[in-house]
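# Per-entry structural report
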Amino acid sequence: MAPRGYRDAGRRWYYVLHPRPVYVLAAEAGGRVNFMAASWVMPFSEEPPRIVAALDKEALTTRLIADSGVFTVNVYTVEERDFIYTAGTVSGREVDKAAALGVLFERDTVTGAPRIKQPRPIAVIEARLHRLAADLAEDVHLAVADVVAAYADEELFNPAYGWELRRTRIAMHAAGRAFTTNDGLYTARRLIQPRR
Ligand SMILES: Cc1cc2nc3c(=O)[nH]c(=O)nc-3n(C[C@H](O)[C@H](O)[C@H](O)COP(=O)(O)O)c2cc1C
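Residues numbered from 1 in each chain as written. Predicted model: local features only at pLDDT ≥ 70, side-chain atom pairs only at ≥ 80, totals over all residues. Heavy atoms only, no water.

## Quick notes on the sheet that holds strand β3 (residues 32–38)
Adjacent strands of a sheet form backbone hydrogen bonds with each other and so pair up, either parallel or antiparallel. Note the cut-off: For two strands to pair, DSSP has to find at least two bridges joining them. In DSSP terms, a helix is any run of H or I states spanning at least four residues, a strand is any run of E spanning at least two, and both are numbered starting from the N terminus. Angles run from 0 to 180 degrees between N-to-C directions of axes, and those axes are lines fitted to C-alpha atoms, restricted for helices to the stretch in contact.
The antiparallel open sheet is built from 7 strands, whose spatial order is β3-β2-β6-β9-β10-β5-β4. Of all the strands in the sheet, the pair left with one neighbour each is β3 and β4 (41–45). The sheet shows a mean angle of 35 degrees between the axes of neighbouring strands, taken without regard to direction. In the sheet, β4 pairs with strand β5 (residues 50–56) via 4 bridges, with the strands oriented antiparallel.

If you want it as structure tokens, here you go:
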């Protein structure tokens, strides 16, 4: 029972944890290149640098990632929401999304995995699978992957503090067709001092 003033979040309980940045994962294997939207992706460890992602067992991109062992995480601004939404609602099993959308790839990556050239991402992470666990959920694999390279738009990203938040509108997914983005910069104060 939800406490007074709250409602049960329901079947789509995970929307409680949205909005989330949404990325486009790209991979290639056996002569097939493909990409899909993914928002259940996050940094996992600094030592070694790793990310984790929940990958739909049915997605073509997941199969290409499993077969090749490498993929790229392409970061976009909210202006690319139609591309992201389409990448996330049409499967490469049915449609050649790259051809239909005019998506271009580059293979000048450390891993050889395709990164997206057009539409131009504002950042790319090159990842190499460390482990793909099929037995933790019915619907998704848990992918743990090493970050082999990471690069971001030189105008929008500062290695010291990350995105220029007043100028960078990172694509975030709320629910269904609803996307949003970051709004301004809010500096936090520590409310209690750590013990020396
Ligand atoms: C906003 C959004 C976020 C998504 N996040 C994920 C995700 O984190 N993991 C995943 O496996 N699929 C996610 N999907 C679904 C895949 O993108 C979708 O199944 C896609 O059609 C798979 O394409 P493919 O079969 O061509 O690889 C998301 C879809 C949308 C629209």
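From this point, the narrative continues.
## What about the nonpolar core?
Among soluble globular proteins, nonpolar side chains are generally buried collectively. Counted only if it meets this: What makes a nonpolar core is a set of buried Ala, Val, Leu, Ile, Met, Phe, Trp, Tyr and Cys residues whose side-chain atoms join them at distances within 4.5 Å. Relative accessibility thresholds used throughout: buried, under 20% of the residue-type maximum; exposed, over 50%; partly exposed, between the two (1.4 Å probe, protein chains only). The contact rule is simple, with two residues in contact once any of their heavy atoms fall within 4.5 Å.
Ranked by internal contacts, the top residues of the largest apolar core, which has 25 residues, are Leu25, Leu55, Phe71 and Trp163. Breaking this core down by element, the ones donating at least two residues are β2 (23–29), β3, β5, α1 (60–68), β6 (70–75), β9 (123–133) and β10 (140–152). For this core, the element with the highest residue contribution is β2, accounting for 4 residues. Not counting residues up to four positions away in its chain, the partners in contact with Trp163 are Val75, Ile122, Ala123, Ala152, Leu156, Phe157, Thr168 and Ile170. Membership of the second largest hydrophobic core comes to 16 residues, among which are Phe83, Ala87, Phe105 and Ala171.

## A few points about α1
All of the buried residues along α1 are Leu60, Thr61, Thr62, Leu64 and Ile65. Residues of α1 that are buried make contact with β2, β3, β5, β6, β9 and β10. Gly69 occupies a position one or two residues after α1 and carries a positive phi of about 80 degrees.

## Regarding the environment of Asn182
Test applied: In protein, a polar contact requires one atom able to donate a hydrogen and another able to accept it; more generally it is a pair of N or O atoms within 3.5 Å, and residues adjacent in sequence count only if both atoms are side-chain atoms.
Turning to its location among the elements, Asn182 is positioned in the segment after β14 (178–180). Taking C-alpha positions, Asn182 is 9.4 Å from Val78, a pair spaced 104 residues apart along the chain. Apart from residues lying up to four places away in sequence, Asn182 is in contact with Leu165, Thr168, Arg169, Ile170 and Met172. Side-chain polar atoms of Asn182 contact the backbone oxygen of Leu165, separated by 3.3 Å. A distance of 2.9 Å separates the side chain of Asn182 from the backbone nitrogen of Ile170, its partner in a polar contact.

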